[in-house]
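Remarks on the overall topology
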Amino acid sequence: MADRTPSAASAASVASVEPVLRDITLWTAALVRQFPELAEELAPGRRGPAGSAPAPSPAGRDEQLREERREALLLQQRHGLAVPGHAAAPIRLHVSDAIRDITDGVVELEEAVSARLALPRPPRAGVIDRLRRVVGLLDAIGADPDLARHVRDEIRRMARRCARTLGDAETVVRVSGRCPWCDSVSLRAFPDRRAVLCVNPACVCADELCGCQDDPAYRHLWPEREWTELAAASGARTEEIEAAMDDPKETAC
């Protein structure tokens with residue numbers, strides 16, 4: 001009878017995908033938290049993020065209103081998102097574009113995951129429910145490193161677009177000590193993610209599956225369970241990291 005015990009190389013490959021699964025969890029949590037806020041950004045009378053387009057000339061106002069009404073109806077029909085307080089008031093088209101892109105992206109991602117794992121096509125659901133279903137498949141996704149990286153990259157892309165559209169500026173807190181990988185004083189705590197990152201653009205760790213290997217915008221990350229190890233390697237104090245996460249206003253950069 002053939003030996004079905006996984007090889008050492010296979011076991012190591014599965015173990016090394018853990019940072020990717022951790023990133024999927026973190027980025028999904030950010031997207032689940034922020035996606036509903038996009039609907040609120042469509043409401044009239046609120047100032048949009050920096051870089052919003054200027055108000056149109058009176059000559060083009062009627063056409064814009066007609067287009068915005070069509071967009072509001074489309075959002076409600078396709079994505080189940082009603083614009084708060086919307087009647088004939090204008091909506092922000094760049095926000096509705098982001099909602100459509102993220103919604104379509106989440107649908108396509110869940111269907112691709114199901115197909116790769118030989119699962120039935122997932123039933124219709126909202127963005128939040130679909131994201132939670134994807135996270136519920138992490139054990140199976142982790143057995144396929146290529147699939148895991150694809151899921152991470154797509155959710156990260158959509159979470160970043162959501163954050164850019166909302167104009168959010170994440171709180172950043174300086175952490176003492178030096179990065180164990182690049183030896184620079186570039187460690188920062190990000191309370192929203194409850195994680196420490198090295199913000200040095202030139203920093204690359206030794207994990208071949210870490211996003212910092214192939215994405216210039218990605219930064220190596222230490223989740224909460226690795227703070228003690230990070231403190232010992234960097235010269236920081238675990239208490240300092242915990243304080244930065246719990247009371248960032250007192251120590252923000």
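Look above for the structure.
Residues numbered from 1 in each chain as written. Predicted model: local features only at pLDDT ≥ 70, side-chain atom pairs only at ≥ 80, totals over all residues. Heavy atoms only, no water.

**Section: the overall build of the protein**
The test is simple: Note on conventions: DSSP H or I runs of at least 4 residues are helices, E runs of at least 2 residues are strands, and numbering of each starts at the N terminus. Here the term buried applies to any residue with accessible area under 20% of the maximum for its type, exposed to any over 50%, and partly exposed to those in between, with areas from a 1.4 Å probe on protein chains only. The contact criterion used is simple: two residues touch if any of their non-hydrogen atoms lie within 4.5 Å. Accessible surface area values rest on a Shrake-Rupley calculation with a 1.4 Å probe, where residue burial reflects the displayed protein chains alone.
Helix and strand counts for the protein stand at ten helices and four strands. Per-residue burial for the protein yields a buried fraction of 41% across its 253 residues. For the protein, contacts bridging at least 24 residues in sequence account for 63% of all contacts bridging at least 6. Counting every atom, the protein has about 13700 Å² of accessible surface; 52% of that belongs to carbon and sulfur.

**Some remarks on the packing of helix 4 (residues 93-116) against helix 5 (residues 127-135)**
The criterion, for reference: With axes taken as lines fitted to C-alpha atoms, and helix axes fitted only over the stretch in contact, angles between N-to-C directions fall between 0 and 180 degrees. By definition, turning the near helix anticlockwise from the far helix through less than a right angle yields a left-handed crossing, and turning it clockwise yields a right-handed one. Put simply, Ala, Val, Leu, Ile, Met, Phe, Trp, Tyr, Cys and Pro go in the nonpolar bin, Asp, Glu, Lys and Arg in the charged bin, and everything else, Gly too, in the polar bin.
Taken N-terminus to C-terminus, the directions of helix 4 and helix 5 make an angle of 35°; their axes are 10 Å apart at the nearest point. For the pair helix 4 and helix 5, the sense of crossing is left-handed. Judged by residue contacts, T103, V106, V107 and E110 of helix 4 engage V127, R130, L131, R133 and V134 from helix 5. Within the contact of helix 4 with helix 5, the residues separate by chemical class into five nonpolar, one polar and three charged.

**Thoughts on the nonpolar core**
Threshold: Among the buried residues, those of types Ala, Val, Leu, Ile, Met, Phe, Trp, Tyr and Cys that are joined through side-chain atoms within 4.5 Å form a nonpolar core.
Core analysis: the biggest nonpolar cluster contains 35 residues, and L31, F35, L38, I102, I141, V151 and I155 have the highest contact counts within it. Apart from residues no more than four positions distant in its own chain, I155 is found in contact with I24, W27, T28, L109 and L131.

**Brief notes about helix 5**
Just so we agree on the cut-off: Throughout, the arc means the angular range of directions from the helix axis out to the C-beta atoms.
Residues V127, I128, R130, L131 and V134 constitute the buried set of helix 5. Summarising the axial view, the buried residues of helix 5 lie within an arc of 165°, below the 170-degree limit, and thus occupy one face. Buried residues in helix 5 make contact with helix 2 (18-41), helix 4, helix 6 (138-142) and helix 7 (145-166).

**Observations concerning the pairing of strand 3 (residues 195-198)**
As a reminder, the rule being used: In short, DSSP must find at least two bridges between two strands for them to pair.
Side chains of strand 3 alternate between two faces, with A195 and L197 and V196 and C198 buried alike. Taking the residues between adjacent antiparallel strands as the criterion, strand 2 (residues 187-190) and strand 3 are bridged by four residues, where R194 takes a positive phi near 50°.

**Things to note about the side chain of R188**
Basically, it comes down to this: In summary, the charge assignment counts Lys and Arg as positive and Asp and Glu as negative, without counting His or the chain termini. A side-chain nitrogen of Lys or Arg and a carboxyl oxygen of Asp or Glu constitute a salt bridge if their distance falls within 4 Å. In protein, a polar contact requires one atom able to donate a hydrogen and another able to accept it; more generally it is a pair of N or O atoms within 3.5 Å, and residues adjacent in sequence count only if both atoms are side-chain atoms.
If you trace the backbone, R188 turns up in strand 2. Buried within the structure, R188 lacks any salt-bridge partner; its nearest side chain of opposite charge belongs to E240, at an N-O separation of 9.0 Å. Within the structure, R188 has its side chain in polar contact with the backbone oxygen of V185 (distance 3.4 Å).

**Points about the sheet that holds strand 3**
Across the sheet, four strands lie side by side as 1-2-3-4; this open sheet has antiparallel pairing. Of all the strands in the sheet, just strand 1 (173-174) and strand 4 (221-223) have a single pairing partner and so form its edges. When strand 3 meets strand 4, the two strands line up antiparallel, connected through three bridges. By the bridge assignment for strand 4, A195 is matched with P223.

**Some points on the environment of L109**
As for its position among the elements, L109 is in helix 4. Judged by relative accessible area, which is 4%, L109 ranks as buried. A C-alpha to C-alpha distance of 7.6 Å links L109 and E154, two positions 45 residues apart in sequence. Filtering out sequence-adjacent residues up to four positions away, L109 remains in contact with H150, V151, E154, I155 and M158.

**Observations regarding the pattern of salt bridges**
A side chain with one charge can pair with a side chain of the opposite charge if their charged atoms come near. Here the structure, examined in full by the defined rule, presents 13 salt bridges. Between E110 and R133 there is a salt bridge, and its shortest N-O distance comes to 2.6 Å. One end of the pair, E110, is in helix 4; the other, R133, is in helix 5, and 23 residues separate them in sequence. Accessibility expressed as a relative area gives 28% for R133, which makes it partly exposed. E224 is the salt-bridge partner of R194, the closest N and O atoms lying 3.3 Å from each other. Here R194 is found in the loop between strand 2 and strand 3, whereas its partner E224 is found in the loop between strand 4 and helix 8 (227-234), with 30 residues between them in sequence. Overall, the relative accessible area of 43% leaves E224 in the partly exposed class. Here the salt bridges do not stand alone but share partners, grouping D101, E154, R157 and R161 into one network.

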